[in-house]
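Here are the chains, one letter per residue:
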Amino acid sequence: MAKTYNELYLAMRRALKEAGVEEYALEARRLLAQGAGYTDAQLIARMYMYAGDEAEKAAGELLQRRLSGEPLAYIAGKWEFYGLEMIVTPAVLIPRMDTEPLVFTALEILKDVPEPRILDLCCGSGCIGCALGVNLPKARVIFADISPEALSVTRKNISLHRLNPRAVALEADALAPPPLRMQNFDLIACNPPYITEEECQALDTSVRDWEPMLALDGGEDGLVFYRSVLQNWKSVLKDGGWIIFEVGEGQAADVRALLLEAGFHNLGCTLDTLGTERVIYAQKKKHHSSLPENVLHLFQPKFSFLSSDFHLSPVFQTAVSAVSFSVADTGSCVFLCAHVFLPLNPQIHLQACPGICTVPVFFVFPEDCLQPLLFWQDFPPELFRKIVSFQL
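(A) Summary view of the nonpolar core. With 37 residues, the main nonpolar core has Leu119, Leu121, Met182, Ile243, Phe245 and Leu259 as its most contacted residues. Every element with two or more residues in this core is listed here: strand E3 (117-121), strand E4 (140-145), strand E6 (185-190), helix H11 (224-232), strand E7 (237-246), helix H12 (252-261) and strand E9 (277-284). With residues near it in sequence (within four places) discarded, Ile243 still touches Ile188, Val229, Leu230, Leu237, Leu259, Phe264, Ile280, Tyr281 and Ala282. Of all hydrophobic cores here, the second largest spans 31 residues; its members include Val103, Ile118, Leu163 and Ala167.

Right, here's the structure in full:
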């Protein structure tokens, strides 16, 4: 016997309520509308019309998927975030309202930057970067994630919101140093995995069994990604640039401490709708492109070299023909500190001329983008890491 859309809706609502679905009325309407091929508004206008057999069958199949625990967002294939419709699949986290304060805060930080360069790190669906890109029409946004499947969703959302050609999605690991081509950002927005290993096991089944654990698991204490981003990705920020994190409940103090340890200042926080410290942000200090005093007092420069003192490949020779260097001598190696940033290919070699310099030579970039061009087996890696960890 044929049923009206209202009769189908009431039956679906009852089934969802009995299954313990919190938003049972809303979800029943969304599932029925999707099964019938209507928007919510179109469905409401047709509630007392008879539904066809195909619509009833399709809605019933969607209902069974929801009753099995599959989140509504994955069934619908889309979800709203900051007023934008975002494509979602099980390859990405479902965008949540808790993340919207991050976007609001980032927009406030960037409101006076004419053409901001933004990095959405651990981008997932790209909801943060898309919201920033839509609301900042002159912004250029780089989306980065380790998951190719997530980046596929990101690229669809970039196209959906017409952010091409000022947005691009690239594969990158937040737990490793950034690709050399990623540089000079005004802001890094990062919503990393921050749930502890123990908490991951206690997550609601609708999250644990359906959403990607890769985007949830923040390691033993939930802070693994914050440490790595601050250690490895600080160099891609401009002097005076900002980094902004979403943090888990109770993590704000720890993330503040990590930011201060990494040399950031002007820290602040934004609360979510429940009054929880949900967003922590900080500014990278401005500095000069020279070795700081705490390095110089250890390794006082004893000589200075011009670029002509070294054998350089033709490509590199062109790049440094007008560049001056300061040199720190450890007694076992020489550190050259360029006073400008050079976009170097890591395959390029720098070699000392015989008779001029007989110790290993390391090239050090400003802004913490530190790339050794030569390694010697007997040079202690611990010493090199200690030196390059200082902010230039």
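Once the structure has been displayed, the description carries forward.
(B) Main features of the packing of aromatic side chains. Evaluation of the coordinates by the stated rule reveals four aromatic pairs. Measuring from ring centre to ring centre gives 5.9 Å for Tyr5 and Tyr38, while their planes differ by 70 degrees; the resulting arrangement is edge-to-face. With a gap of 33 residues between them, Tyr5 in helix H1 (residues 5-18) and Tyr38 in the loop between helix H2 (24-36) and helix H3 (40-45) connect regions that are remote in the sequence. The exposure class assigned to Tyr5 is buried, which follows from its relative accessible area of 5%. Residues Phe81 and Tyr82 carry aromatic rings whose centres are separated by 6.5 Å and whose planes lie at 40 degrees to one another, so their mutual orientation is tilted. A relative accessible area of 0% means that Phe81 is categorised as buried.

(C) Spatial organisation of helix H4 (residues 53-67). In a regular helix each residue adds 1.5 Å, so 15 residues correspond to 21 Å; H4 covers 21 Å between its end C-alpha atoms and thus fits that length. Along H4, the residues that are buried comprise Ala55, Ala59, Leu62, Leu63 and Arg66. Mapping the buried residues of H4 onto a view down its axis gives an arc of 105 degrees, with all of them on the same face. Seen from the buried face of H4, the exposed residues on the opposite side, beyond 90 degrees, are Asp53, Glu54 and Lys57. Buried residues along H4 sit against H1, H2 and helix H5 (72-76). Positive phi appears at Gly69, one or two residues downstream of H4, with a value of about 110 degrees.

(D) Highlighting the pattern of salt bridges. Applying the stated criterion across every chain yields a total of 12 salt bridges. Note that Lys78 and Glu85 form a salt bridge whose closest N and O atoms lie 3.9 Å from each other. Accessibility expressed as a relative area gives 39% for Lys78, which makes it partly exposed. The class of Glu85 is partly exposed, set by a relative accessible area of 43%. Through salt bridges with shared partners, one network takes in Arg29, Arg30 and Asp40.

Cut-off values and rules
Residues numbered from 1 in each chain as written. Predicted model: local features only at pLDDT ≥ 70, side-chain atom pairs only at ≥ 80, totals over all residues. Heavy atoms only, no water. Core = buried A, V, L, I, M, F, W, Y, C linked by side-chain atoms within 4.5 Å. Buried < 20%, exposed > 50% of the residue type's maximum accessible area, 1.4 Å probe, protein only. Helix = DSSP H or I, 4+ residues; strand = E, 2+ residues; numbered from the N terminus. Contact = heavy atoms within 4.5 Å. Phe/Tyr/Trp six-rings, centres within 6.5 Å; stacked < 30°, edge-to-face > 60°. Expected span 1.5 Å × (residues − 1). Arc of directions from axis to C-beta. Salt bridge = Lys/Arg side-chain N within 4 Å of Asp/Glu carboxyl O.

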